Amino acid sequence: MAFIAGYELTWAARQYRDREALVFGDRRLSFTEVNRRGNRFANALRGLGLDKNHRVAVLLNNSVESLDTVFGAAKAGVTYVALNARHTAAEQRQILEDAEPTMIVAGAEFQDVIDTATSDLPDLKAVHGVGWSHAGQDDFETLIGRADDREPGIEVEFDDLLRLHYTSGTTGRPKGILFTHRRYYQRQNNFFTALEYGLGTEDSMIHVGPLTHAAGNYLMPYYLRGARNIVMPRFEPGDLQAIIERERVSSLLLVPTMLIRLLEELDRERFDLSSVGRINYGTAPMPVDTLRQGIAEFGSVFREHYGLSECPQPTTLLHPYEHVVEGPEHEVRRLASCGRPTLNVSLQVRNSEGRALPPGEVGEICIEATGAAAVDYWRRPELRAENIRDGWLLTGDLGWLDEDDYLFIVG
């Protein structure tokens, strides 16, 4: 079944029009402006002959262009490949050799990395720098500046590839995880069915982590609901508090190290943080003492998720009301858990023979490989054979479930 690529982005632009969609520093873009910039990149890609058989690799820190490339690649029907800003040139080279992109978009801070990593790549046709020019080629703004901003209207199939996400380039061959359009919509469905709080045009999400990774999971849902996405170039506790006050931010996503630093530098005499209604956290174990301190400072606003590259969050959720700091021991101990499986996820803890274990026993966390967890790998059939058994994804994570299906990860 064919459909128009990125139709939901077009719908959001028509729905919310001149409402503010994106804030980055002193730049403020409406839904119409964000949509038009995405259209320009999409039309530029199509004008250069790229289609669903091509890949565009992107190496950017958080920026307006982060949205341009994600939205534009989706509307053009090409495959988006996010490169990790922390990787070395050698690690980037491994991924580029594996992904074989036709084009790269990269920030000026990555010039040396790109020059080294792209030497003699046979399939690479162009590098378009954001704020710089590579080998005399157009910079990114020039590239999109001369492209049409009308809707591309490109048809794709649900099983065409939308995104290629790499989990590692540091040891062995990089591992690319496939996200088709079908899996992308299943992922969005899982996010929205797990949403216990109201999300609409008066809300805002501040992104302090890389949009290429966990922070990006919140970008699209907030965009589709007409909320503002406020993007910071990097995490800095003082700047974060100032932006929360100025923009009346309602939601955050923090990894444990960020929450620890925020609590250390919390300054309520200078900043009004009362707008915060949700602090999402995950990606690493949260120290219970830090969580208790956070609840004491911000109240019942914390929301934990568990996920992994093969099965993006939320695979499990610990809702705010489940963050019990005083009460029965079996409820209080759940502060150390990652919550219970979401509606669209089946999860078991299994022993080495593949049998589901009873509550309290430690084993491997296994997730049914359907919907958002329907994982497959780029040109690595052996990984599928190794990691998928009888329709279940073997995560490699160790944990146990209590009698009420709360998941505790131990290694």
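To start, this report covers the structure provided alongside it. (Residues numbered from 1 in each chain as written. Predicted model: local features only at pLDDT ≥ 70, side-chain atom pairs only at ≥ 80, totals over all residues. Heavy atoms only, no water.)

## Considering the sheet that holds strand 4 (residues 55–59)
In plain terms, the rule: When DSSP finds at least two bridges between two strands, those strands are taken to pair. Here a helix means four or more residues in a row that DSSP labels H or I, a strand means two or more in a row labelled E, and each is numbered from the N terminus. A fitted line through C-alpha atoms serves as each axis, taken over the contacting stretch for helices, and the angle formed by two N-to-C directions is quoted from 0 to 180°. Note on contacts: a residue pair is in contact if any heavy atoms of the two residues lie within 4.5 Å.
The strand order 7-6-4-5-9-10 describes an open sheet built from six strands, whose pairing is mixed. One side of each edge strand has no neighbouring strand; the edge strands of this open sheet are strand 7 (126–130) and strand 10 (176–180). Strand-to-strand twist of the sheet, defined as the mean angle between neighbouring strand axes without regard to direction, takes the value 20°. In terms of strand pairing, strand 9 (residues 161–166) meets strand 10 through five bridges, oriented antiparallel. When the bridges of strand 10 are listed, L164 appears paired with L178. Strands strand 4, strand 5 (79–82), strand 6 (103–107) and strand 9 of the sheet are contacted by helix 4 (residues 89–99), whose axis makes an angle of about 150° with strand 9. Here helix 7 (residues 181–193) sits on the sheet and contacts strand 9 and strand 10; the angle it forms with strand 10, its principal contact strand, is near 80°.

## Describing the pattern of salt bridges
What counts, and what does not: A carboxyl oxygen of Asp or Glu within 4 Å of a side-chain nitrogen of Lys or Arg is what we treat as a salt bridge. Relative accessibility thresholds used throughout: buried, under 20% of the residue-type maximum; exposed, over 50%; partly exposed, between the two (1.4 Å probe, protein chains only).
Counted under the stated rule, the structure contains 34 salt bridges. E65 is the salt-bridge partner of R37, the closest N and O atoms lying 4.0 Å from each other. On the criterion of sequence distance, the pair formed by R37 in helix 2 (residues 31–47) and E65 in helix 3 (residues 64–76) is long-range, its members being 28 residues apart. In this structure R37 comes out as buried when scored by relative accessible area, which is 13%. Taking the shortest distance from any N to any O, the salt bridge between D402 and R333 comes out at 4.0 Å. With D402 in the loop between strand 21 (392–401) and strand 22 (407–409) and R333 in the loop between helix 12 (329–332) and strand 17 (340–341), this pair connects stretches of sequence that are 69 residues apart. Shared partners join several salt bridges into a network, and the residues in it are E329, R333, R334, D402, E403 and D404.

## A word on the packing of helix 1 (residues 7–16) against helix 8 (residues 216–224)
Let me state the cut-off plainly: Orientation labels follow simple angle bins: below 35 degrees gives roughly parallel, above 145 gives roughly antiparallel, 65 to 115 gives roughly perpendicular, and whatever is left gives oblique. Each residue is assigned to one class: nonpolar for Ala, Val, Leu, Ile, Met, Phe, Trp, Tyr, Cys and Pro, charged for Asp, Glu, Lys and Arg, and polar for all the others, Gly among them.
Axis separation between helix 1 and helix 8 bottoms out at 9 Å; the angle between their running directions is 45°. The angle between helix 1 and helix 8 places the two elements in the oblique class. Contact residues: helix 1 offers E8, L9, W11, A12 and Y16, while helix 8 offers M220, Y223 and L224. Here the residues of the contact of helix 1 with helix 8 are counted per class, giving seven nonpolar, no polar and one charged.

## Re the side chain of H319
With respect to the helices, strands and loops of the structure, H319 is situated in the loop between strand 16 (311–318) and helix 12. The buried category is assigned to H319, whose relative accessible area is 18%. If we ignore the near neighbours within four places in the chain, the residues touching H319 are A194, E196 and F302.

## Observations concerning the sheet that holds strand 13 (residues 251–254)
Taken together, the nine strands give an open sheet; going across it, the order is 3-2-12-11-13-14-15-16-17, and neighbouring strands pair in mixed fashion. The sheet is open, and its two borders are formed by strand 3 (27–30) and strand 17, each paired with just one other strand. Judged from the two bridges that link them, strand 16 and strand 17 form a sheet pairing that is antiparallel. Among the inter-strand pairings, T316 is bridged to a residue of strand 17, identified as P341. Helix 11 (residues 288–298) contacts strand 14 (278–281) and strand 15 (302–308) of the sheet and is inclined by roughly 140° relative to strand 15.

## Focus on the packing of aromatic side chains
The condition that has to hold: Centres within 6.5 Å make a pair out of two Phe, Tyr or Trp rings, where for Trp the six-membered ring is used; the pair is then stacked when the planes are under 30 degrees apart, edge-to-face when over 60, and tilted otherwise. Only when the NZ atom of a Lys or the CZ atom of an Arg is both within 6 Å of the ring centre and within 35 degrees of the ring normal do we say a charge sits over the ring.
All told, the structure shown has 17 aromatic pairs when counted by the stated rule. Where Y218 meets Y222, the ring centres are 6.5 Å apart and the plane angle is 55°; that geometry is what we call tilted. One end of the pair is Y218 and the other is Y222, both in helix 8 and four residues apart, which spans about a single turn. A single burial state applies to Y218 and to Y222, both of which are buried. Where F298 meets F302, the ring centres are 6.5 Å apart and the plane angle is 75°; that geometry is what we call edge-to-face. On the basis of relative accessibility, which here comes to 14%, the residue F298 falls in the buried class. Among the residues examined, F302 registers a relative accessible area of 1% and is labelled buried. The aromatic ring of F179 is capped on one face by R183, whose charged end is 4.2 Å from the ring centroid. In this structure, R187 is placed above the aromatic ring of F179, and the distance from its NZ or CZ to the ring centre is 5.4 Å.

## Structural notes on the pairing of strand 12 (residues 228–231)
Put simply, the rule reads: Orient the strands so they point away from the viewer, and a crossover whose first-strand-to-second-strand path over the helix runs clockwise is right-handed.
Of the two faces of strand 12, both are covered, the one formed by R228 and I230 as well as the one formed by N229 and V231. Of the strand pairs in this sheet, strand 2 (residues 20–24) and strand 12 are connected by three bridges, and their pairing is parallel. Its bridge partner lying in strand 12, F24 is registered against V231. Across four bridges, the pairing between strand 11 (residues 204–207) and strand 12 is parallel. Note that in strand 12 the partner of H207 across the bridge is V231. Handedness of the strand 11-helix 8-strand 12 crossover: right-handed.

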